[in-house]
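So you can see what is in the structure, the chains are spelled out below.
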Amino acid sequence: SMKQLLATCLLLFAFVSCTHAKNEITAATLPTPELTIGKATLKGQLSGHNPQHEYTGKILVYNPITLEQKESNIEINKNGTFESTIPVISTTSILLQIDRIFSDYIIVSPEKETSIRLDLQQKAVLDGERNKNKDYQPEWVSFEGANAELNKEFQHAVSGYLQNKFSIQSILEDVYDNTPT
């Protein structure tokens, strides 16, 4: 219910506020929100890609002021590189989608550059080994530049959680510790 969601959010906020006040947070944290209209740069590299395959990609950006979502295509070069400038109003998350290879949120900041590297050979190893050993986790996504550490932690948290969860129902059950009605 809405009350449970609100209570969960408030408890999470209180917990983060208390631990932050004690300087006990060792993980990367988001910068203080501020409006800084500008363009974020996202650069990427598909390593281990098939140069014969024409990869397609797109970026989705949600604007919290206009409440609109903007979609833009990105051109992936034959050498597997791509670059896009994205108008943003603050540090925010964008959705990057590349074929059926990658679809996830990345945190970018105005007037800063974020780089992502997708190692497709390691992904193939992961896909093969996942069936044999559930704990096998090679690095196939890496980041550099602005928000690199935050993006890395976010990817690990999300992929680790989603690897064991296969439905919205199971996620809701974990959040509320019971089946929603």
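Residues numbered from 1 in each chain as written. Predicted model: local features only at pLDDT ≥ 70, side-chain atom pairs only at ≥ 80, totals over all residues. Heavy atoms only, no water.

Draft legend 1. The sheet that holds strand β7 (residues 113-119), seen in detail. The sheet built from four strands is open, its strands ordered β4-β1-β7-β8 with mixed pairing. Two strands lie at the open edges of the sheet, namely β4 (81-88) and β8 (141-145), each paired on one side alone. Here the average twist between neighbouring strands, direction ignored, is 20°. As judged from the seven bridges shared by strand β1 (residues 38-47) and β7, these two strands associate in the parallel manner. Directly across from L42, in β7, lies its bridge partner T114. (Pairing = 2+ DSSP bridges. Helix = DSSP H or I, 4+ residues; strand = E, 2+ residues; numbered from the N terminus. Axes fitted to C-alpha atoms, helices over the stretch in contact; angles between N-to-C directions.)

Draft legend 2. Highlighting the pairing of β1. Burial runs high along β1: seven of the 10 residues are buried. Where β1 meets β4, eight bridges bridge the pair, whose relative direction is antiparallel. Its bridge partner being in β4, L42 is matched across the sheet by S84. (Buried < 20%, exposed > 50% of the residue type's maximum accessible area, 1.4 Å probe, protein only.)

Draft legend 3. Geometry of the sheet that holds strand β2 (residues 56-63). Spatially, four strands are ordered β3-β2-β5-β6 in an open sheet, and the strand pairing comes out antiparallel. Each edge of the open sheet is held by one strand with a lone partner, namely β3 (68-75) and β6 (102-108). Direction aside, the axes of adjacent strands within the sheet are offset by 25° on average. Note: strand β5 (residues 92-98) against β6, seven bridges, orientation antiparallel. Note on β6: the bridge partner recorded for I94 is I106.

Draft legend 4. Geometry of the nonpolar core. Membership of the largest hydrophobic core comes to 26 residues, with the highest contact counts inside it found for L42, L96, F102, I106, I116 and L118. Of all the secondary-structure elements, those providing two or more residues to this core are β1, β2, β4, β5, β6, β7, α2 (120-130) and β8. Setting aside residues no more than four positions away along its own chain, L42 makes contact with I59, F82, E83, S84, I86, I94, L96, I106, T114 and I116. (Core = buried A, V, L, I, M, F, W, Y, C linked by side-chain atoms within 4.5 Å. Contact = heavy atoms within 4.5 Å.)

Draft legend 5. Looking closely at the pattern of salt bridges. What the rule picks out here adds up to three salt bridges. A salt bridge links E113 to K43, with the nearest nitrogen and oxygen atoms 3.5 Å apart. Here E113 is found in strand β7, whereas its partner K43 is found in strand β1, with 70 residues between them in sequence. Across the pair K58 and E71 runs a salt bridge, and its minimum N-O distance is 3.8 Å. With a gap of 13 residues between them, K58 in strand β2 and E71 in strand β3 connect regions that are remote in the sequence. (Salt bridge = Lys/Arg side-chain N within 4 Å of Asp/Glu carboxyl O.)

Draft legend 6. Examining the environment of E75 more closely. Here E75 shows up in strand β3. Considering only alpha carbons, one finds E75 and E54, 21 residues apart in sequence, at a separation of 9.6 Å. With residues near it in sequence (within four places) discarded, E75 still touches T81 and F82.

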